[in-house]
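# Summary of structural features
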Amino acid sequence: VAPSAPTDVKFGAYDPANQSAMLTWGDVADETGYRVEYREAGTDAWTFVGNRGVGAQNQAVYDFTPGRTYEFRVRAENAYGASAWSTSSFTPTVAPTVALDSFDTTSFTLALSAPTGATQMRVEILDTAFPTEAAIPGAGLTRCVTLSADAQTWTPQGLTPGATYYVRVYAI
């Protein structure tokens, strides 16, 4: 008999640096794999994302355009057929507006404005350039803070005079 449809299909946190998110679902009995497809909301054609093996419960998905809504579907498969599709939708947030408001030798102040629909903003300060940090996850991360979406400024303290820092701000 064909397997049951996957349950609890949803997205994890959006990573604007890679324009990616992790689609997850609950495992079902008697499956030999899963098929994942997506489309931009309002369009008819589904695009194949990937096949996942026995027991898989996630699929990384890339190349989102912030502000657009995407629909995803997952089905379980085995030698006897395929389940019904289980669906989920996802809208990656638009990046917040960020400007350098002021600075001195040991701190700076960012002026922030979250996009509509965001509930929080995440600010990361790194002491190495982002390509290095991306190659070695967590490398160079010196500070990280999550702020409410209505925060208008943020000022880190205790920075090293003369050091170079890189700042990345996400809407969540």
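Residues numbered from 1 in each chain as written. Predicted model: local features only at pLDDT ≥ 70, side-chain atom pairs only at ≥ 80, totals over all residues. Heavy atoms only, no water.

## Here's the deal with the overall build of the protein chain
Along the backbone of the protein chain there are one helix and 14 strands. Taking 2.2 N^0.38 as the reference for a compact globule, 172 residues should give roughly 16 Å; the C-alpha atoms of the protein chain span a radius of gyration of 20 Å, well beyond that estimate. Seen along its three principal axes, the alpha-carbon backbone of the protein chain occupies a region of about 70 × 30 × 20 Å. Of all 172 residues assigned to the protein chain, the portion counted as buried reaches 33%. When contacts within the protein chain are restricted to residue pairs at least 6 apart in sequence, long-range pairs at least 24 apart make up 60% of them. For the protein chain, the accessible area works out to roughly 9400 Å², and carbon and sulfur atoms hold 49% of it. Across the protein chain, the centroid of the 10 positively charged side chains sits 4 Å from that of the 17 negatively charged ones. (Helix = DSSP H or I, 4+ residues; strand = E, 2+ residues; numbered from the N terminus. Rg over C-alpha atoms; globule rule 2.2 N^0.38 Å. Buried < 20%, exposed > 50% of the residue type's maximum accessible area, 1.4 Å probe, protein only. Contact = heavy atoms within 4.5 Å. Areas by Shrake-Rupley, 256 points an atom, 1.4 Å probe, with all protein chains shown as cover. Lys, Arg positive; Asp, Glu negative; His and termini not counted. Charge placed at Lys NZ, Arg CZ, Asp CG, Glu CD.)

## Describing the sheet that holds strand β10 (residues 108-113)
Two modes of strand pairing occur in sheets, parallel and antiparallel, and in both the strands are linked by backbone hydrogen bonds. Sheet architecture is open: three strands sit in the order β9-β10-β13, paired in antiparallel fashion. On the outer flanks of this sheet lie β9 (97-103) and β13 (153-154), each paired with one strand and no other. With six bridges connecting them, β9 and β10 associate as antiparallel partners. Residue pairing across strands places Thr97 opposite Ser113, the latter belonging to β10. (Pairing = 2+ DSSP bridges.)

## A look at the side chain of Glu31
With respect to the helices and strands, Glu31 occurs in the loop between β2 (20-26) and β3 (33-40). A polar contact of 2.8 Å, which involves the side chain of Glu31, links it to the backbone nitrogen of Gly33. Discounting chain neighbours no more than four positions away, the residues touching Glu31 are Pro3, Gly53, Val54, Gly55, Ala76, Glu77 and Asn78. (Polar contact = N/O pair within 3.5 Å; in protein donor to acceptor, adjacent residues only side chain to side chain.)

## A word on the pattern of salt bridges
Under the definition given, this model contains eight salt bridges. Of the charged contacts in the structure, one is a salt bridge between Arg39 and Glu71, with a shortest N-O distance of 2.6 Å. In this pair, Arg39 sits in strand β3 while Glu71 sits in strand β6 (residues 70-78), placing the two residues 32 residues apart along the sequence. Arg122 is the salt-bridge partner of Glu124, the closest N and O atoms lying 2.6 Å from each other. The buried category is assigned to Glu124, whose relative accessible area is 7%. Exposure remark for Arg122: the relative accessible area of 28% places this residue in the partly exposed category. Residues participating in the shared-partner salt-bridge network are Arg35, Glu37 and Arg73. (Salt bridge = Lys/Arg side-chain N within 4 Å of Asp/Glu carboxyl O.)

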